[in-house]
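# Overview (structure and organization)
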Amino acid sequence: MSFLAKKFRKGSKKVEEGADAAQVNPVLQHMQNGTKFIKIRENGSKTYSRSFALSEDGLTLEYHPSKKTSSRSKIPVQDIHEVRSGHETDTFKNNKVKTKYSSDLCLALIVGAENHTINLVAPTKEDARMWAQGLRWAQKKAQNLNIKDKQAAWIRETFEKADRNQDGSVDFEECMKLLKKMNVKMDKNHAKKLFETADVHTHQDAKGKTVTKALDAEEFISFYQMVTRRPELVKVFQEYSGEDDYWTLQEFVEFMHEEMKRLQVKPQWCKEIIQKYEPSEECKKRDILSFDGFQLFMKGPNGLLFNPFHSTIYQDMKQPLCHYFINSSHNTYLMKDQLRGPSSTEAYVRALQRGCRCVELDCWDGSDKEPVVYHGHTLTSKIKFKDAIEAIEKYAFATSEYPLILSLENHCSIEQQKVMAHHLKTTFGNKIYMTDITPDQKVLPSPEDLKGRVLVKNKKLPPPVESSQEDDGDVSDEDEAAELESNDPDFQAEVAKKEKKSSKKEGQAKLKLAREISNLVNVCKSVHFKSFPHSKENHKCNEMVSLGESKAFDLAKNSGQEMVEHNTRFLTRIYPAGRRTNSSNYNPMKMWTVGSQIVALNFQTAGDEMDLNLGKFQQNGNCGFILKPVFLRKANMQFNPDSPGDQYTQKLTLRIISGQQLPKPSREVIDPYVKVTVLDVNAEYEAKTNTVEDNGFNPEWNHTMEFEIKSPELAMLRFVVYDQDRLKDDFIAQYTIPIASIQLGYHHVPLFSQEGDDLDPATLFVHTLMSSP
């Protein structure tokens, strides 16, 4: 019996044991039996009655999405990022919902890459308590599954999908339908032969009738293995196994040294890997690795393209703040576009959970003397400033312990600025960094110095001379709302109507700054930009400028070397142009190339630009701070981004070998190809494979491409899988990674959707090599 079949049986046994455990554990039993909840739409406008149940293995949440269909929707527990009890989402904070449903009945699930919120009201307090507790247990179980268990769980799910009539077996037609769902277009005669080879048992269905020409669970595993056998991986394994079907410790070491360029690997490390991944107990005893063990190893962290060491904080965190790229968001409060889109505290939670360390709050006077956050002079909805910072405080250091910058675009009156200052001090307390930068201080504190601290970015008043001056001063220099452009006459009419009704307080609020807000500003003092020579001569280390996209790109084009030197001393924030009313983004590469630290993007908008941002900041433990290359940290390096020279140049040789279980956007089997882009200093290179027709399950390309990279420390590598079509090629999946974080040798590339969802088990299999040109 194969190890997968054993895992399947073991998994089935675990399900039975889980059922027994459920008898003992009333929480699990209750969840598996199901509970009827009230499901509230995210905007609170509609409610539905929905029955939710936890699967027997505890890995899936199931419910009927509507009365019109009998099919069940399934939410993998591993996709549930958070379980919240009480009025802890925007929907539950809505006054009507909040009044109608008691806090101890409310439960919210935060699901998927976009943090979709499922708001539920339980029938009783005890139901709400049990489900919150049980789902958190299930989350831990899903997170702790190892690769073997994940694969076994996925195969069990695949078998259940194939067994459409639920009789414990699948016939040939069910298998063929399943293959089509799995993006496999296989010759029917060949599939028939594999099916017949796997069909070695006779067994009975649920009614006791003898069934032939059908596969039971164990036979299905054999069929699955024959269908999914990867000849390209077998070939790699056999290059070092010789005539045997296993690797000795020495052969394993040779593979790691010669192919993976891991010269530091010793036999002891290989022995530990065998103990972790080898499914055969006999092989473990003999310290040898079978092909099954090798295949599991190649799907683990060491077999992925991203260097697992870079998933930890490995960089020096004790240098001045301006020596780091900082993961930064623009218009953080928005969920969609910046003309009519909704504002939400959930948007701050999403950004912080993705590693963002600089969030923006556009602050305006509220009608009830409470400041609000929204995109001024537009029709975006408003949220209370107090609610926004309470949400920020809760998640400020959940993903990263390094400092969080609150970038205030302050349009409030003096009166409401004082309210803002009160809320900031009350909510964050001693987390707000209050140590002033002295006039003779030459450099900013480091991320290490500022761990767990909140930095307020805003204008700062000079020290008071007379009491009458205490409230005098300008507000923020980034009035982005004034840059908005829209040719939509209906929109312009709506805005004009709103502004006519509003008081003149907003216009007056731009003239004065409250001392209470000013006192919170130290490390990030906003100042106007005049010129690079002026900044060099006059600015203190804590004075920073914010530049609109157009201005920033003009400066980078015409004064790139000066901009690099400026950014070795001072922080610079870049934000998207006001004309981007759909909340689109600019390409951040150019701004990173000139050393700009706070390159703010619209996190709510998926696309190439956000893929680059998320890809870049996955290094250094996703802590939101990346140490800039030395030539962007030291002014005397004289780095010219327009002519970087060849001193750092390396050649990347990349072979796209194959793809595995690629998703498909439609009912048809796809014709995939891979487009590879290298984004380098002042340059972009592209190459693509040939197209493999009618095979999204295990296409093979074996296409080699070469790139000369001027700055491997800055460059990014991007894979995009497309389905070739006569009219327009369809996007299938992508992965973006810093060149500096790739592992050499044979590796798998995980694939993600446009929205950032992990498409596991979909991967690419590649070989990489870096060398001198």
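Keep in mind it's a predicted model, so treat the numbers as computed, not measured. (Residues numbered from 1 in each chain as written. Predicted model: local features only at pLDDT ≥ 70, side-chain atom pairs only at ≥ 80, totals over all residues. Heavy atoms only, no water.)

Summing up its helical and strand segments, the protein has 25 helices and 32 strands in all. Within the protein, buried positions represent 54% of all 773 residues. When the accessible area of the protein is evaluated, it comes to approximately 34,600 Å², of which 47% is carbon and sulfur surface. (Helix = DSSP H or I, 4+ residues; strand = E, 2+ residues; numbered from the N terminus. Buried < 20%, exposed > 50% of the residue type's maximum accessible area, 1.4 Å probe, protein only. Areas by Shrake-Rupley, 256 points an atom, 1.4 Å probe, with all protein chains shown as cover.)

This part takes up the sheet that holds strand 6 (residues 106–111). Taking strand neighbours across the sheet as the criterion, the 7 strands line up as 4-3-2-1-7-6-5 in an open arrangement whose pairing is antiparallel. At either margin of the open sheet sits one strand with a lone partner, and together these are strand 4 (73–76) and strand 5 (80–85). Mean inter-strand twist for the sheet, computed between neighbouring axes without regard to direction, equals 35°. Judged from the 5 bridges that link them, strand 5 and strand 6 form a sheet pairing that is antiparallel. Bridging across to strand 6, Val83 finds its partner in Leu109. Sitting on the sheet, helix 2 (residues 26–33) is in contact with strand 1 (35–40) and strand 2 (47–54), with an inclination near 125° to strand 2. (Pairing = 2+ DSSP bridges. Axes fitted to C-alpha atoms, helices over the stretch in contact; angles between N-to-C directions. Contact = heavy atoms within 4.5 Å.)

Before going further, it helps to examine the pattern of salt bridges. Summed over the entire model, instances satisfying the criterion amount to 26 salt bridges. With its nearest N and O atoms 2.8 Å apart, the salt bridge here joins Glu549 to Arg580. Of this pair, Glu549 sits in helix 22 (residues 549–558) while Arg580 is found in the loop between strand 22 (572–575) and helix 24 (589–593), placing the two residues 31 residues apart along the sequence. As far as the burial class goes, Glu549 and Arg580 line up, both buried. One salt bridge connects Lys710 with Asp646, and the closest N-O pair in it is separated by 2.3 Å. Placement of the pair is Lys710 in the loop between strand 28 (700–709) and strand 29 (716–723) and Asp646 in the loop between strand 24 (625–627) and strand 25 (650–660), with a sequence separation of 64 residues. For Lys710, a relative accessible area of 27% corresponds to the partly exposed category. Each of the salt bridges in this network shares a partner with another, and the network as a whole consists of Glu82, Arg84 and Glu346. (Salt bridge = Lys/Arg side-chain N within 4 Å of Asp/Glu carboxyl O.)

With that out of the way, let us pick up the side chain of Glu549. Assessed through its relative accessible area of 6%, Glu549 is described here as buried. Look past the residues within four positions of Glu549 in its chain and what remains in contact with it is Ile574, Tyr575, Pro576, Ala577, Arg579, Arg580 and Tyr586.

Right, let's talk about the UniProt feature "active site" (unreviewed entry) in the protein for a bit. Feature annotation in UniProt assigns "active site" (unreviewed entry) to the following positions: His330 and His375. Spanning 46 residues, the annotated positions come together in the fold, the maximum distance between their C-alpha atoms being 11.1 Å. Mapped onto the elements of the fold, His375 is located in the loop between strand 16 (372–373) and strand 17 (383–384). Separated by 3.1 Å, the side chain of His375 and the backbone oxygen of Gln338 make a polar contact. (UniProt positions renumbered as here; feature names shortened; annotations may be inferred. Polar contact = N/O pair within 3.5 Å; in protein donor to acceptor, adjacent residues only side chain to side chain.)

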